[in-house]
Amino acid sequence: MQKNYLLAGASSAIAQTLLRLLQADGHRVVGLSTKDLSGVGYDEHHQVADYDKGSLPTLSQPLDGLVYFPGTINLKPVNRLSEEEFLRDFKINALGAVAVVQQYLQNLKNAAAPSSVVFISTVAVSQGMNFHSSVSMAKGAVEGLTRSLAAELAPSIRVNAVAPSLTASPLAERLINTPEKLDASNKRHPLRRIGQPGDIAQAIYFLLGEQSGWMTGAVLPVDGGMASVRML
Ligand SMILES: NC(=O)c1ccc[n+]([C@@H]2O[C@H](COP(=O)([O-])OP(=O)(O)OC[C@H]3O[C@@H](n4cnc5c(N)ncnc54)[C@H](OP(=O)(O)O)[C@@H]3O)[C@@H](O)[C@H]2O)c1
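Residues numbered from 1 in each chain as written. Predicted model: local features only at pLDDT ≥ 70, side-chain atom pairs only at ≥ 80, totals over all residues.

A short note on the overall build of the protein
- A tally of regular secondary structure across the protein gives 6 helices and 7 strands.
- Secondary structure elements of the protein occur, N-terminal to C-terminal, as β-α-β-β-β-α-β-α-α-β-α-α-β.
- By the compact-globule yardstick of 17 Å for 232 residues, the protein fits well, its C-alpha radius of gyration being 17 Å.
- Taking the principal axes of the C-alpha coordinates as reference, the protein spans close to 50 × 40 × 35 Å. (Helix = DSSP H or I, 4+ residues; strand = E, 2+ residues; numbered from the N terminus. Rg over C-alpha atoms; globule rule 2.2 N^0.38 Å.)

Topic: the sheet that holds strand 5 (residues 115-120)
- Here we have 7 strands laid out as an open sheet, ordered 3-2-1-4-5-6-7, and parallel in their pairing. Edge strands, defined here as strands with exactly one partner in the open sheet, are strand 3 (44-47) and strand 7 (219-222). Recorded for the sheet is a direction-independent mean angle of 15° between the axes of neighbouring strands.
- Bridge analysis of strand 1 (residues 4-8) against strand 4 (residues 65-68) gives 4 bridges, and the strand direction is parallel. Counted as the bridge partner of Leu 6 is Leu 66 from strand 4.
- The strands touched by helix 1 (residues 13-24) are strand 1, strand 2 (28-33) and strand 4; relative to strand 1, the strand with the most contacts, the crossing angle is about 175°.
- Where helix 2 (residues 83-109) meets the sheet, it contacts strand 1, strand 4, strand 5 and strand 6 (157-164), and its direction lies at approximately 175° from that of strand 4. (Pairing = 2+ DSSP bridges. Axes fitted to C-alpha atoms, helices over the stretch in contact; angles between N-to-C directions. Contact = placed C-beta atoms within 7 Å.)

Section: the site of the ligand
- In the region of the ligand, 23 residues are neighbours, and Gly 9, Ser 11, Gly 71, Ser 169 and Leu 171 sit closest.
- Counted by class, the shell around the ligand contains 13 nonpolar, 9 polar and 1 charged residues. (Near = placed C-beta within 6 Å. Nonpolar A, V, L, I, M, F, W, Y, C, P; charged D, E, K, R; others polar.)

Description of helix 2
- For helix 2, which comprises 27 residues, the first-to-last C-alpha distance of 37 Å matches the rise-based estimate of 39 Å (1.5 Å per residue) to within 8%.
- For helix 2, the principal kink sits at Gln 103 and spans about 50°.
- Within helix 2 the residues assigned to the buried category are Asp 89, Asn 93, Ala 94, Gly 96, Ala 97, Ala 99, Val 100, Val 101, Gln 103, Tyr 104, Asn 107 and Leu 108.
- Among the structural elements, strand 1, strand 4, strand 5, helix 4 (133-153) and strand 6 are those in contact with the buried residues of helix 2. (Expected span 1.5 Å × (residues − 1). Bend = angle between axes of the 7 residues up to and from the residue. Buried ≥ 20, exposed ≤ 12 C-beta atoms within 10 Å, placed from the backbone.)

Description of the packing of helix 2 against helix 4
- At a minimum axis distance of 8 Å, the contact between helix 2 and helix 4 shows a crossing angle of 20°. Classified by the angle their axes make, helix 2 and helix 4 are roughly parallel. The two elements helix 2 and helix 4 cross, and the hand of that crossing is right-handed. In this structure, helix 2 contributes Glu 85, Phe 86, Asp 89, Phe 90, Asn 93, Ala 94, Ala 97, Val 98 and Val 101 to the contact, and helix 4 contributes Ser 134, Val 135, Met 137, Ala 138, Lys 139, Ala 141, Val 142, Leu 145 and Leu 149.
- For the contact of helix 2 with helix 4, the class distribution of residues is 13 nonpolar, 2 polar and 3 charged. (Parallel < 35°, antiparallel > 145°, perpendicular 65-115°, else oblique. Left-handed = near helix turned anticlockwise from the far one by under 90°.)

Regarding the packing of helix 1 against helix 6 (residues 197-208)
- Running from N to C, helix 1 and helix 6 cross one another at 55°; their axes reach a closest spacing of 8 Å. In terms of orientation, helix 1 lies oblique with respect to helix 6. The chirality of how helix 1 crosses helix 6 is right-handed. Facing helix 1, whose interface residues are Ala 13, Ile 14, Thr 17, Leu 18 and Leu 21, helix 6 presents Pro 197, Gly 198, Ile 200, Ala 201, Ile 204 and Tyr 205.

What follows is the structure, given as structure tokens:
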């Protein structure tokens, strides 16, 4: 049966990989982005000024799933992070996720079967990493939101998250833009490589689909072993 999915932050490399997985199954995918998505291949797309309620379009169709992609990798020593930067990271990563769920709650409730919301956290929430204080605080809020909404919206809407480690995308570009940086990042992971957009997209695809129908409130590590494995 054809289903309707909404991807917010739809220019993301992971979102575009997920788009192809969903369309290969015959589903219809709507993209929201601050960028122009013409030519990317979404079945419907809307350019938004921001991820706050006043900027989000109204949709009439029921939604079987929603994924919120917008995020930041703002890495600095704590004494160089301004309050404005903490607030900006919190707004993009966490408040935007709330606004999108609020705006499309009725669409999610109107789906024929339980619908699924997926958020994106980071390995830097469960694993302390230097220079990550702002992003780990913002994504920590996303993990709290995942569990809180999972309780509040059960059983009609499932809410889960994925927690990736470093993944090859424009957001991570300056961390892996030389052979030396890439090699060091690959070696830091127990599975000896950084993530590819497909690694994360496949996990989100699973959380959106019926195969994960008995999961809610979970934060799935997709991180090459970073959060839980130590090589001796
Ligand atoms: N790549 C990694 O190493 C890594 C690791 C852990 C977690 N993540 C998370 O994965 C998610 C997807 O990122 P990606 O790796 O696929 O990166 P990407 O391809 O560079 O996509 C960037 C994402 O952030 C949004 N964005 C960028 N600047 C923004 C701004 N100023 N205001 C609002 N939104 C903005 C984009 O939305 P628009 O479509 O509106 O531009 C897009 O969804 C993010 O939440 C990120 O935190 C990534």
